[in-house]
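# Examining the three-dimensional arrangement
One-letter residues, chain by chain:
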Amino acid sequence: MAHWLSVLLPLLLVVSVRPISFPLPHNGRKCLREEIHKNVLVTGEYEVSEARGQVRLKITDSAGHILYAKEDATKGKFAFTTEEYDMFEVCFESKFPAGSVRSPDQMVVLVMKHGVEAKNYEEIAKVEKLKPLEVELRRLEDLSESIVNDFMYMKKREEEMRDTNESTNVRVLYFSIFSMCCLMGLATWQVFYLRRFFKAKKLIE
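Residues numbered from 1 in each chain as written. Predicted model: local features only at pLDDT ≥ 70, side-chain atom pairs only at ≥ 80, totals over all residues. Heavy atoms only, no water.

One pass over the structure, following the stated rule, counts 1 disulfide. One disulfide bridge connects Cys31 with Cys91, the sulfur atoms lying 2.0 Å from each other. Taking the sign of the torsion about the S-S bond as the criterion, the disulfide between Cys31 and Cys91, at about 110 degrees, is right-handed. Of this pair, Cys31 sits in strand E2 (residues 29–36) while Cys91 is found in strand E7 (residues 86–95), placing the two residues 60 residues apart along the sequence. (Disulfide = S-S within 2.5 Å. Helix = DSSP H or I, 4+ residues; strand = E, 2+ residues; numbered from the N terminus.)

Have a look at this one:
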């Protein structure tokens, strides 16, 4: 058990969450995109410093479906569960009344978590009455499962790409054979046409 702990504990550093901060200009829009797997819990916490005017927050998928939206997003949290593997977009938009004096950029601080890092293991420990070591083992178990799922997805994608490449190679081969047949047919027709032409002109017998 100690051996596995020594192997898996460093993996927890991989999922350590760091806040993302960026400036939001006057009447501007900033978006962040991230690919997330299917059936994954996503949580987030955001804060806009020195809120002036109105800041809108909208989270959408690649099809434009709104997963979360808030008109006056100065500080708060959000959560949703993905239904498909997709590209998700988190957008902050600053809105000021027309004719208002341009103000300095606002700073947006965003912390997003998904998968293992989004789970509240303190609540799980309270509900299931788990000991600290059991909680850590549960976290490691979820992390290892997440890594296995990532590898399985990568393997599936590799198989799909390989099948696509093989299918493309077969189609290219058939197209090449068809092109060669067309060229040979055209060359044969040209030979017979020129032969008839020269015979008609009595240049050859």
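So, about the nonpolar core. Ranked by internal contacts, the top residues of the largest apolar core, which has 20 residues, are Tyr46, Leu57, Ile59, Phe78, Val90, Phe92 and Leu110. Residue assignment for this core shows that the elements contributing at least two residues are strand E1 (20–24), strand E3 (41–48), strand E4 (54–60), strand E6 (75–81), E7 and strand E8 (106–114). Discounting residues that sit within four places of it in the chain, Phe92 has contacts with Phe22, Leu24, Gly28, Arg29, Lys30, Tyr46, Val55, Arg56, Leu57, Val108 and Leu110. (Core = buried A, V, L, I, M, F, W, Y, C linked by side-chain atoms within 4.5 Å. Buried < 20%, exposed > 50% of the residue type's maximum accessible area, 1.4 Å probe, protein only. Contact = heavy atoms within 4.5 Å.)

Unlike most non-glycine residues, Asn27 shows phi in positive territory, near 50 degrees. Within the fold, Asn27 resides in the loop between E1 and E2. By relative accessible area, Asn27 is classed as partly exposed at 42%.

Moving on, we get to the confidence of the model for the protein. Scored by pLDDT, the protein has a mean of 81; 88% of the residues are at 70 or more. Counting interchain partners and residues more than four positions distant, the pLDDT-below-50 stretch residues 1–16 has 17 contacts. (pLDDT = per-residue confidence, 0-100.)

Below, the discussion takes up the side chain of Ser94. By secondary structure assignment, the location of Ser94 is in strand E7. Relative accessible area serves as the criterion here: at 1%, Ser94 is assigned to the buried category. Polar contacts involving the side chain of Ser94 include one to the main-chain amide nitrogen of Asn27, which spans 3.5 Å. When near neighbours in sequence (up to four residues on either side) are disregarded, Ser94 contacts Leu24, Pro25, His26, Asn27, Gly28, Gln54 and Gln106. (Polar contact = N/O pair within 3.5 Å; in protein donor to acceptor, adjacent residues only side chain to side chain.)

Our next topic: the packing of aromatic side chains. Counted under the stated rule, the structure contains 7 aromatic pairs. Seen in terms of ring centroids, Tyr46 and Phe78 are 6.3 Å apart; in terms of plane orientation they differ by 25 degrees. Their pairing is stacked. Here Tyr46 is found in strand E3, whereas its partner Phe78 is found in strand E6, with 32 residues between them in sequence. Summarising the burial analysis for this pair, Tyr46 and Phe78 share the class buried. One aromatic cluster is present, formed by Phe22, Tyr46, Tyr68, Phe78 and Phe92 through successive ring pairs. (Phe/Tyr/Trp six-rings, centres within 6.5 Å; stacked < 30°, edge-to-face > 60°.)

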